[in-house]
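# Residue-level structure breakdown
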Amino acid sequence: MESGKFDQLEAKIKQVVDRCVELKEQLAEQDEVILAKDRELREANATIRALQEDKDAVRVKVESLLEKLDTLELPS
């Protein structure tokens, strides 16, 4: 092979390696974004669970109060 062909081959290999490095960096950045979004989602789900529990507790209390009101006899 001529020297020029080796230079071309070397340049193409360098391009491929550079692109691989870029892709690897992009993938690492995307992984970080995914992990951050996963944490946000877990926090949101925890908040939803807590709100659901609060709602259920309020519902039980309201039902209990309504039952107590039903047992009261109001004067006519």
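What this report covers is the structure whose coordinates are included nearby. Quick caveat, the model's predicted, so the values are computed rather than measured.

## Examining a nonpolar patch on the surface
A grouping of Val58, Val62, Leu66, Leu69, Leu72 and Leu74 is seen on the molecular surface, where their side chains present a nonpolar patch of about 610 Å² in accessible area. Position of Val62 relative to the elements: it lies in helix 1 (residues 3-71). Residue Val62 is classed as partly exposed on the basis of its relative accessible area of 41%.

## Observations concerning the pattern of salt bridges
Going through the model one piece at a time under the given rule, you end up with six salt bridges. Here Glu40 and Lys37 are joined by a salt bridge, their closest N and O atoms 3.8 Å apart. Remark: Lys37 and Glu40 occur in helix 1; sequence separation between them is three residues, near one turn of the helix. On the basis of relative accessibility, which here comes to 45%, the residue Glu40 falls in the partly exposed class. Its salt-bridge partner being Asp56, residue Arg59 comes within 3.8 Å of it at the nearest N-O pair. Separated by three residues within a single helix, Arg59 and Asp56 lie in helix 1, roughly one turn from each other. Under the relative-accessibility criterion, Arg59 is labelled partly exposed at 42%.

Procedures and definitions
- Residues numbered from 1 in each chain as written.
- Predicted model: local features only at pLDDT ≥ 70, side-chain atom pairs only at ≥ 80, totals over all residues.
- Heavy atoms only, no water.
- Patch = residues over 30% accessible without salt bridge, like charges linked within 9 Å, V, L, I, M, F, W, Y side chains within 5 Å.
- Areas by Shrake-Rupley, 256 points an atom, 1.4 Å probe, with all protein chains shown as cover.
- Salt bridge = Lys/Arg side-chain N within 4 Å of Asp/Glu carboxyl O.
- Helix = DSSP H or I, 4+ residues; strand = E, 2+ residues; numbered from the N terminus.
- Buried < 20%, exposed > 50% of the residue type's maximum accessible area, 1.4 Å probe, protein only.

Read these as layout, nothing more, since geometry by itself doesn't imply function.
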